[in-house]
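Chains, contacts and geometry: an overview
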Amino acid sequence: MFKKVLIANRGEIALRVIRACRDMGLRSVAVHSTADADALHVRFADEKVCIGPPAARASYLSVPALISAAEVTGADAVHPGYGFLSENAEFAEVVAKCGLQWIGPQPEVMRIMGDKVSARATMSRAGVPILPGSGVLRTERDAEEAVERIGFPIILKAAGGGGGRGMKIVEDRTRLGAQLAAARSEAQAGFSNPDVYLERYIARPRHIEVQVLGDGTSAVGMGERECSIQRRHQKLVEEAPSVALDDLRREELLQVARDATLALGYRTVGTLEFLLDEDGRFYFMEMNTRIQVEHTVTEEVFGVDLVHQQIRLAAGEPLRLPADLRSRGHAIELRINAEDPVTFAPSPGLITAVNLPGGPGVRVDTHIYAQYRVPPHYDSLLAKLIVHGQDRPMALARLRRALGELVIEGCRTNIDFHRRLLEHPDFIAGRLDTHLVERM
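For clarity, every value in this text was computed on a predicted model and none was experimentally measured.

Concerning the pairing of strand β2 (residues 27-33)
With six of seven residues buried, β2 lies mostly within the body of the structure. Of the pairings in the sheet, the one linking strand β1 (residues 4-7) to β2 comprises four bridges and is parallel in character. Looking at the pairing, Leu6 lines up with Val29 of β2. Following the chain from β1 across helix α1 (residues 11-23) to the adjacent parallel β2, one finds a crossover that is right-handed. With five bridges joining them, β2 and strand β3 (residues 47-52) adopt parallel strand pairing. When the sheet's bridge partners are listed, Ala30 is paired in β3 with Lys48.

Notes on the packing of aromatic side chains
Considering all chains together, one arrives at eight aromatic pairs under this definition. Ring plane angle 85° and centroid distance 5.8 Å describe the contact between Phe274 and Phe282, whose orientation is recorded as edge-to-face. The pair Phe274 / Phe282 is uniform in exposure class, with both members buried. An angle of 55° between the planes, with centres 5.4 Å apart, marks the rings of Tyr369 and Tyr372 as tilted. Summarising the burial analysis for this pair, Tyr369 and Tyr372 share the class buried. A connected cluster of aromatic rings, assembled from ring pairs, spans Tyr60, Phe84 and Tyr378. Over the face of the ring belonging to Tyr369 we find Arg43, whose NZ or CZ atom lies 5.2 Å from the ring centre.

Details of the state of the cysteines
By the definition in use, this model includes zero disulfides. Here Cys21 stays free of any disulfide, with the sulfur of Cys98 as its closest cysteine sulfur at 20 Å.

Quick look at the pairing of strand β12 (residues 269-276)
Most of β12 is tucked away: eight of the eight residues are buried. Both faces of β12 are covered, namely the face carrying Val269, Thr271, Glu273 and Leu275 and the face carrying Gly270, Leu272, Phe274 and Leu276. Two elements, strand β9 (residues 206-214) and β12, share eight bridges in a ladder whose sense is antiparallel. Paired with His207 across the two strands is Leu275, which belongs to β12. As judged from the six bridges shared by β12 and strand β13 (residues 282-288), these two strands associate in the antiparallel manner. Across the sheet, Leu276 pairs through a bridge with Phe282, a residue of β13. Hairpin connection from β12 to β13: five residues lie between these consecutive antiparallel strands, with Gly280 at a positive phi of about 85°.

Description of unusual backbone geometry
Residue Phe152 is joined to Pro153 through a cis peptide bond whose omega torsion reads 0°. With respect to the helices, strands and loops of the structure, Pro153 is situated in the loop between α7 (140-150) and β6 (154-158). Omega for the bond connecting Ala240 with Pro241 falls within 30 degrees of zero, at -5°, which places this linkage in the cis form. Backbone geometry at His233 places phi at a positive 70°, although glycine is not the residue there. Assignment of secondary structure puts His233 in the loop between β10 (219-231) and β11 (234-240). Classification of His233 as partly exposed rests on a relative accessible area of 43%. Of note, Gln371 is a non-glycine position whose phi angle comes to about 80°, a positive value. Mapped onto the fold, Gln371 is located in the loop between β17 (362-366) and β18 (373-374).

Comments concerning the environment of Ala126
Looking at the secondary structure, you find Ala126 in the loop between α6 (116-125) and α7. Using a relative accessible area of 25% as the deciding quantity, one classes Ala126 as partly exposed.

Thoughts on helix α9 (residues 247-264)
Over its 18 residues, α9 runs 26 Å from end to end, which matches the ideal 26 Å to within 8%, given 1.5 Å per residue. Within α9, the full set of buried residues consists of Arg250, Leu253, Leu254, Val256, Ala257, Arg258, Ala260, Thr261 and Leu264. On its buried face, α9 sits against α5 (107-114), α6, β9, β10, β12 and β13. Backbone geometry just after α9 places Gly265 at a positive phi near 65°.

Examining the sheet that holds strand β7 (residues 168-170)
Read from one edge of the open sheet, three strands run β7-β6-β8, paired in antiparallel fashion. A single partner strand is all that each edge strand has here, and the edge strands are β7 and β8 (196-200). Pairs of neighbouring strands in the sheet enclose a mean axial angle of 25°, with direction left out of account. Of the pairings in the sheet, the one linking β6 to β7 comprises three bridges and is antiparallel in character. By the bridge assignment, Ile154 is partnered in β7 with Val170. Sheet contacts for α7: β6 and β8; angle to β8, the most-contacted strand, approximately 15°. Along the sheet face, helix α8 (residues 176-191) touches β6, β7 and β8 and points at about 170° away from the line of β7.

Reading the values: the criteria
- Residues numbered from 1 in each chain as written.
- Predicted model: local features only at pLDDT ≥ 70, side-chain atom pairs only at ≥ 80, totals over all residues.
- Heavy atoms only, no water.
- Buried < 20%, exposed > 50% of the residue type's maximum accessible area, 1.4 Å probe, protein only.
- Helix = DSSP H or I, 4+ residues; strand = E, 2+ residues; numbered from the N terminus.
- Pairing = 2+ DSSP bridges.
- Right-handed = clockwise from strand over helix to strand, strands pointing away.
- Phe/Tyr/Trp six-rings, centres within 6.5 Å; stacked < 30°, edge-to-face > 60°.
- Lys NZ or Arg CZ within 6 Å of the ring centre and 35° of its normal.
- Disulfide = S-S within 2.5 Å.
- Expected span 1.5 Å × (residues − 1).
- Contact = heavy atoms within 4.5 Å.
- Axes fitted to C-alpha atoms, helices over the stretch in contact; angles between N-to-C directions.

The following block contains the structure:
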């Protein structure tokens, strides 16, 4: 086991990793931009290093600055968190070449799964269901030939990215050329890669993902998470387990996820994401080769610290999980963001007051405090409110109670949005799909 971990990230995930390191007797190194000098992850780490100005490209995305910070502090491992460079194979390779341990998957696996076209092909070979689709579309004629085979509607997607950028729904041939050009332009702007592909479009899918862990020779699918509450492909609410799956369908999905993880020789924590159609059929969408924002709901229902597991697997330890590993109860996470509750526009600024909820079954992962200034340079996530109960109705009751106790003043947040969502009859009944927010 290594002794000192540099955390190449910020905010609540940096704090989450610091806490895991402290639990395991490891020292932690926080990096920060000048905008984050007063951040909690900087205050609570064992050591800190300023790595640059506020702009992410000059600080949290600067590989030379991060490697220098590791070398100066004598860190022997790097945890990338999520976002920023967490799925950057080149960064993982540089970390290894500098004699440091990368707390994540093998770079070659990151490359394969980071390109959506190669990921689809790899999963198909492993027997994972995929939607009918195409390879990289070089010309409009390529797209026309693909839709002749697949039919409309289709969705265009960026091969090298996610988060909704480069995604275009096409209902008929009249808009195909224009949407292809727009998707390629967005993909180039967002990911420096203009490659796009297409798949058959599912109008009202559920978004179901499986938490996987592997040590290269064994693998486990640690339950599923329902992530269907989204706006513009950005998740807002996650829960485990999904009410859409019965035991037979769940075991089928988990077995597919285990087989895929083994086929990759995967050695860390990751997530396989699927679309579930209205007939109950699931299709591979993508793999996130990192810890997820929503890993907390899996931790709550399984009682396993996933960051501990991540660190142990990176140190070369075999996969070790409780013999009686099983899901218990129901957990739900709300993402609390600094944004307008109606328009969802970012709302940075000074937080003047904070009250965090507590009580049985309530967890809050956050990096904010009173007089903390939310910078405009990064993601708007302020906190994750997570509840656990013996079943979904109890979890919903605790969520309403906890949300009523949550106070964040000084900048606008999406707390009111979540209050409206919790009273929506479709959400209460578990009738979820990725377009529910649009119908609210």
